[in-house]
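Reading the structure
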Amino acid sequence: MPTEKIKSTPTDFIRAIIAEDRRNNKNNGRIVTRFPPEPNGFLHIGHAKSICLNFGIAAENPGGVCHLRFDDTNPSKEEDEYVRAIKEDVKWLGFDWGDKLFYASDYFDKLYEYAVRLIKMGRAYVCSLSAAEIREYRGTLTEPGRNSPYRERSVEENLDLFAGMKNGEFSEGSHILRAKIDMSSPNLNMRDPAIYRILKVSHHRTGDTWCIYPMYDFAHCLSDSIENITHSLCTLEFEDHRPLYDWFLDVLEVHHPQQIEFARLNLDYTVMSKRKLMQLVDGNYVNGWDDPRMLTISGLRRRGFTPAAIRNFCRTIGIAKRENRIDMTVLENAVRDDLNDPANRVMGVLKPLKIVIENYPEDKEEELEVANHPKNSEMGSRMVPFCREIYIEQTDFMEDPPKKFFRLGPGREVRLRSAYFITCTRVIKDSDGRVIELRCTYDPASKGGSSPDGRKVRGTMHWVSARHGVKAQVNLYDRLFTVENPEADKKKDFKDFLNPDSLVNLDNCVVEPGAAQLKQGQQVQFERQGYFCLDSSSEPARPVFNRIVTLRDTWAKINKKQPGRK
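Quick caveat, the model's predicted, so the values are computed rather than measured.

It is at 9 Å that the axes of helix α7 (residues 216–226) and helix α8 (residues 242–252) come closest, and there the two elements cross at 60°. With respect to α8, the axis of α7 lies oblique. With respect to the hand of their crossing, α7 and α8 are arranged in right-handed fashion. Contacts between α7 and α8 involve Asp 217, Phe 218, His 220, Cys 221, Leu 222, Asp 224 and Ser 225 from the first element and Leu 244, Tyr 245, Phe 248, Leu 249 and Leu 252 from the second. Looking at the contact of α7 with α8 residue by residue, the class counts come to eight nonpolar, two polar and two charged.

Right, let's talk about the packing of helix α1 (residues 13–23) against helix α2 (residues 45–60) for a bit. Close contact between α1 and α2 brings their axes to 12 Å; oriented N to C, the two are set at 35°. Here the hand of the crossing between α1 and α2 comes out right-handed. Here Ile 14, Arg 15 and Ile 18 of α1 come into contact with α2, specifically with Leu 53, Gly 56, Ile 57 and Glu 60. Looking at the contact of α1 with α2 residue by residue, the class counts come to four nonpolar, one polar and two charged.

Inspection of the entire model under this criterion finds 39 salt bridges. Glu 227 is the salt-bridge partner of Arg 69, the closest N and O atoms lying 3.2 Å from each other. Here Arg 69, found in strand β2 (residues 65–70), pairs with Glu 227, found in the loop between α7 and β8 (231–235); they are 158 residues apart in sequence, far enough to count as distant. We note that Arg 69, like Glu 227, is buried. Three or more residues joined by partner-sharing salt bridges are found here, namely Arg 34, Arg 69, Asp 71, Asp 224 and Glu 227.

With that out of the way, let us pick up the state of the cysteines. Scanning all chains against the criterion turns up zero disulfides. Here Cys 221 is not disulfide-linked; the sulfur of Cys 234 is the nearest cysteine sulfur, at 11 Å. In this structure Cys 221 comes out as buried when scored by relative accessible area, which is 0%.

This part takes up the packing of aromatic side chains. In this description, a pair of aromatic rings is defined by centroid distance and the angle of the planes. Counting across every chain of the model gives 21 aromatic pairs. Pairing Phe 70 with Tyr 103 gives two aromatic rings, centres 5.2 Å apart and planes at 20°, and the pair type is stacked. Here the residue Phe 70 occupies a position in strand β2, and Tyr 103 occupies one in strand β3 (residues 101–103), the gap between them amounting to 33 residues. Each member of the pair, Phe 70 together with Tyr 103, is buried. With a centroid separation of 5.7 Å and an interplanar angle of 70°, the aromatic rings of Phe 108 and Tyr 213 are classed as edge-to-face. Remark: Tyr 213 occurs in strand β7 (residues 212–214) and Phe 108 occurs in helix α4 (residues 108–120); sequence separation between them is 105 residues.

In this section: unusual backbone geometry. Look at Glu 253: it is not a glycine, yet its phi comes out positive at around 55°. Structurally, Glu 253 is set in the loop between α8 and β9 (258–262). The exposure class of Glu 253 is exposed, given its relative accessible area of 74%. Positive phi, normally seen in glycine, also occurs at Tyr 269, with a value near 65°. Mapped onto the fold, Tyr 269 is located in the loop between β10 (266–267) and α9 (274–282). For Tyr 269, a relative accessible area of 17% puts it in the buried group.

If you trace the backbone, Lys 321 turns up in the loop between α11 (307–317) and β11 (325–326). Spatially, the C-alpha atoms of Lys 321 and Pro 37 are 21 Å apart, while their sequence positions differ by 284 residues. Residue contacts for Lys 321: discarding those within four places in its chain leaves Phe 13, Leu 236 and Ala 263.

Moving on to the environment of Phe 313. Residue position: Phe 313 is located in helix α11. The class of Phe 313 is buried, set by a relative accessible area of 0%. For the pair Phe 313 and Ala 263, spaced 50 residues apart in sequence, the C-alpha separation works out to 15 Å. Those residues within four positions of Phe 313 in sequence are excluded, and the remaining contacts are Ile 45, Leu 265, Leu 267, Ile 326, Val 330, Leu 331 and Ala 334.

What counts and what doesn't
Residues numbered from 1 in each chain as written. Predicted model: local features only at pLDDT ≥ 70, side-chain atom pairs only at ≥ 80, totals over all residues. Heavy atoms only, no water. Axes fitted to C-alpha atoms, helices over the stretch in contact; angles between N-to-C directions. Helix = DSSP H or I, 4+ residues; strand = E, 2+ residues; numbered from the N terminus. Parallel < 35°, antiparallel > 145°, perpendicular 65-115°, else oblique. Left-handed = near helix turned anticlockwise from the far one by under 90°. Contact = heavy atoms within 4.5 Å. Nonpolar A, V, L, I, M, F, W, Y, C, P; charged D, E, K, R; others polar. Salt bridge = Lys/Arg side-chain N within 4 Å of Asp/Glu carboxyl O. Buried < 20%, exposed > 50% of the residue type's maximum accessible area, 1.4 Å probe, protein only. Disulfide = S-S within 2.5 Å. Phe/Tyr/Trp six-rings, centres within 6.5 Å; stacked < 30°, edge-to-face > 60°.

Okay, here's the thing in structure tokens:
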């Protein structure tokens, strides 16, 4: 398992606020944060940023605590499956909530009492407008709203109607409970927002006990208050909701956490909306929530990303007040950096080209010692079988190689990793002129990869024994979209920009025998190819590998500078 490279404690404006609060002994020096997902989908890389922030701040401050709370107030979209997946994701990322696991549904009785209190204070009323009428009465950004004709109902009538809502006496949509604030407020969230609605749907925890459910803005701030949260950290889209957050807490005169907003994660070549991710899943554009192309945490885990890589990524991008976009290479570099030192090297050929070493005895086999890591001898070595027929990558041979191509070509000598020097003597093609086999000779004195006469060979290539190699499937994953921001063009559907080459299945690959014995999820580097892990669908007789990320390829850069070169 990769070992995280510990970096210094992050610094940002939120941590500066919290440090000042501690100096002033605000909240008696307590630091209590929370990560409050709605259990209506799987977590993605954007949630990882919030998880790292909230649990990180709690860990950085003596006595700090971070709660995991499920804001489960919309039973029509929530399932236990999502609860289990979210718990697994948070634990996998390396965070522990201890005994601080909560649900907004734990507080349904208390939230109902708060709503009744608002009615008694004359600060809430039951409204019987239809949904369309409410939208009409609400006004616009440039025009004030109008008071509901039901706004001045008496306290007694409101209490009676609200009790009837709770007891199931009314149909869905016939009544809602609204806060009585200001229909002319420039902030639309303050124009008598809904507090409770009738929803005759069974809840994943409370069953059919309730048929009314609190709205998110009402339940969220009061759940924070009930749990004595000190700092309620949320993304910038909740900035316009902060006046409402404050209004509920101030009017009810309860503990008042400080809401602080930060910029959400916007990552190139993906989408972060759970609604849009669900469209991809439900429309079969991807193979489920854990599809390795999806930047869900479960997808990243299946692809082979490490928790440390994701934590380091979140630490690298930091916390800002303004929205910005992060280049995908930042995430890719995070996993490269994390896997470079600990990942064993193995040899795998993705697009095989057969070589017959004509002066190597046909009946001979041998095992060659190959280092598990070229820069760390403490990681040991392994024995890899070698014989007369081997496979190399098709891209490691060119019939008419350019000057800076140091791999195999007619008459050229190269080094096989930890094996021998070989020279190409003949090229065999099929009827269409495609190269299908190479004939070579080897230098028996060059065993181990060096020659007694000291001659230099520029190219070193990986290989797999044709007789001993194991057939494997390799999934090459690339970015899910073809453009940096698939949501930028409002005239098009974001799905129009899906990358048709985001998944390439190679089913004729060959790997060294030891690679087939890896554990599912174990990360390795295929030499000169990239980082890979064994997929959860893999079987010993037919291993399946997922490419996590490519290596930095200097030849690709050279090739780009030579238009027309293939």
